[in-house]
Amino acid sequence: MSRPARAVLAGLAVTVVTVAPARAETPGALQPVEISQDTTTTRADIGAQFTFTTTVRNAGDQPLSGLVAHLNIVSLHADVTVDPEDWSTHRTQYLAAVPPHASTRLSWSVHAVNDGRFVVYVAVTTAAADTLTAGPALHAVVSPQRHLDAGGVLPVAVAVPAVVLVLLIAVRRRRRRMI
Amino acid sequence: MTRLRVVAAQELRDLWLTGRGLPLILAYAVLLSVTSYLVASNRALNFLEQREAVGLTLQVGVGVAALLVLVVAADAISGERERGTLESLLLTPAPRWVLLAGKGLAAMSLWLVAYVVSVPYVWYLARGTGVLGRALVAGLGVGTLIVLFLCSLGLAISTVTGSNRVALSVSFFLLLAAFFPTQLPTAAQSGGVADVLLRVDPVTAGLHYLSELVVRGRPAGEDLGWLVGPIVLAVAAAAAACTVGARMSLRPGRRA
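Calculation rules
Residues numbered from 1 in each chain as written. Chains lettered and ligands numbered in written order. Predicted model: local features only at pLDDT ≥ 70, side-chain atom pairs only at ≥ 80, totals over all residues. Heavy atoms only, no water. Patch = residues over 30% accessible without salt bridge, like charges linked within 9 Å, V, L, I, M, F, W, Y side chains within 5 Å. Areas by Shrake-Rupley, 256 points an atom, 1.4 Å probe, with all protein chains shown as cover. Salt bridge = Lys/Arg side-chain N within 4 Å of Asp/Glu carboxyl O. Helix = DSSP H or I, 4+ residues; strand = E, 2+ residues; numbered from the N terminus. Buried < 20%, exposed > 50% of the residue type's maximum accessible area, 1.4 Å probe, protein only. Contact = heavy atoms within 4.5 Å. Buried area = accessible area lost by both parts, 1.4 Å probe. Pairing = 2+ DSSP bridges. Expected span 1.5 Å × (residues − 1).

## Topic: a nonpolar patch on the surface
- On the surface, Leu154 and Val158 of chain A together with Tyr37 of chain B cluster together into a nonpolar patch covering about 260 Å² of accessible area.
- Inspection of the secondary structure puts Val158 of chain A in helix H3 (residues 150-178).
- The exposure class of Val158 of chain A is exposed, given its relative accessible area of 53%.

## What about the interface of chain A and chain B?
- Every contact between the two is made by 29 residues of chain A and, on the other side, 36 residues of chain B.
- Approximately 2,700 Å² of surface area, both sides summed, lies buried where chain A meets chain B, with 67% of it carried by carbon and sulfur atoms.
- Taken together, chain A and chain B are joined by zero salt bridges.
- Secondary-structure elements contributing two or more residues to the side of chain A that touches chain B are strand S7 (103-111) and H3 of chain A.

## Focus: unusual backbone geometry
Residues and elements named next belong to chain A.
- The phi torsion at His101 lies on the positive side, around 65°, for a residue other than glycine.
- Considering the arrangement of structural elements, one finds His101 in the loop between strand S6 (92-94) and S7.
- According to the relative accessible area criterion, His101 is partly exposed, its value standing at 45%.

## Observations concerning the pairing of strand S3 (residues 41-45) of chain A
Residues and elements named next belong to chain A.
- Of the two faces of S3, only the one carrying Thr42 and Ala44 is buried; Thr41, Arg43 and Asp45 on the other face are not.
- Pairing geometry for S3 and strand S10 (residues 138-143), over five bridges, is parallel. What sits directly across from Arg43, in S10, is Val141.

## A closer look at the pattern of salt bridges
- According to the stated counting rule, one finds six salt bridges over all chains in the structure shown.
- A salt bridge links Glu85 of chain A to Arg91 of chain A, with the shortest nitrogen-to-oxygen separation between them at 3.0 Å.
- Judged by relative accessible area, Arg91 of chain A falls into the buried class, the value being 13%.
- With its nearest N and O atoms 3.2 Å apart, the salt bridge here joins Glu11 of chain B to Lys103 of chain B. Of this pair, Glu11 of chain B sits in helix H1 (residues 2-18) while Lys103 of chain B sits in helix H5 (residues 96-126), and the two are 92 residues apart along the sequence.

## Examining helix H9 (residues 202-214) of chain B
Residue and element names in this part refer to chain B.
- End to end, H9 covers 18 Å across 13 residues, agreeing with the expected 18 Å (1.5 Å per residue, within 8%).
- Along H9, eleven of the 13 residues are buried, which leaves the element largely enclosed by surrounding structure.
- Looking only at H9, the buried set comprises Pro202, Val203, Thr204, Ala205, Gly206, Leu207, Tyr209, Leu210, Glu212, Leu213 and Val214.

## As for the pairing of S10 of chain A
Residues and elements named next belong to chain A.
- With burial as the criterion, only one face of S10 is covered, namely that bearing Leu138, Ala140 and Val142; the residues His139, Val141 and Ser143 on the opposite face remain uncovered.
- Relative to S10, strand S8 (residues 116-125) runs antiparallel, the two being bridged by five bridges. Residue pairing for S10: Arg117 is matched across the bridge by Val141.

Structure, rendered in structure tokens:
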């Protein structure tokens with residue numbers, strides 16, 4: 001699939017979910033929430049940051065409050081372990097009340113810590129909800145890191161102190177001669 | 001201005017030809033060599049992305065240079081007092097704030113030389129990342145603000161304290177206090193009061209700006225708000241040091 005086509009599909013990627021309104025007195029009272037995302041694929045070098053935006057829309061007729069959105073990361077390779085804390089320091093966002101048929105946008109910043117293929121997703125829930133609902137999957141491909149050449153830095157690491165040392169000795173000798 | 005130039009020239013000669021300037025810079029260069037070699041070779045540190053390695057080296061460079069400048073500034077007046085040479089210094093036909101400013105300029109020269117020494121390391125680590133220019137420019141600007149603040153603080157403390165030991169102790173304590181917010185856990189760095197603390201502390205705010213610019217590649221103008229604290233405090237500390245310096249007096253100090 002071409003990139004523009006993926007972008008169009010990403011824009012249309014909408015998940016319809018049901019979340020209990022926080023102020024509902026009976027646990028069975030559910031209201032639909034739609035979660036969409038600005039992209040569903042991304043590429044990053046290891047160590048780089050990437051960002052994406054999630055839109056949470058209240059598709060019901062009553063205001064929704066107490067919504068909590070949480071970011072999670074899943075590795076698609078069995079040998080790559082993900083510690084989500086390393087990937088994002090702000091993984092939970094507490095949303096202000098969303099009026100009926102209105103939406104709120106959430107920005108997420110993610111640090112690509114491991115290389116490989118990952119799925120990043122946002123789940124939304126409330127304190128009163130029996131279930132939580134995940135938004136569209138963001139497929140992240142993280143390329144391996146470029147290693148610095150330790151041998152290359154050696155000349156710089158040796159030459160700079162050597163130049164300063166030569167300068168120091170020259171100044172000291174000149175001073176002794178003057179005395 | 002001529003008096004300031006004469007005083008600064010004398011202080012520069014004292015620092016670089018007969019004083020501790022070159023030995024301190026040698027130690028600084030060795031430290032940067034070890035840091036950059038570890039960043040490039042050590043597997044654990046090599047986990048860092050290349051721009052993070054540049055950011056780390058810049059931050060170490062600025063932080064250690066600030067420490068060196070603080071040491072020299074904190075010794076400026078209290079050291080003269082303790083060595084019994086303040087009396088002859090005060091006989092110099094120049095306003096006392098000029099004497100202090102001359103010593104401040106000499107101490108600041110340590111930062112400029114340290115910056116020049118750090119350029120080859122930053123150049124090597126930043127090759128191919130496209131951040132070399134902004135790392136060097138931002139490093140010079142932010143480093144100058146942090147160093148000006150700490151240098152002024154050191155000079156003011158050195159002027160009002162009777163002993164060199166007290167001046168150095170108080171200066172080190174304040175330096176540690178200035179670096180303390182950089183060590184706060186990430187969770188503690190969010191929230192109104194923490195944000196104000198991070199922005200007001202010139203060391204934390206300056207290093208944060210550097211990191212955003214070099215590591216995260218954000219536009220230079222986007223986080224300029226983080227430099228308000230360092231600029232205001234650097235200017236205020238310099239003005240306070242000159243004011244305190246104008247009242248410099250010959251008090252008996254304890255000889256070492």
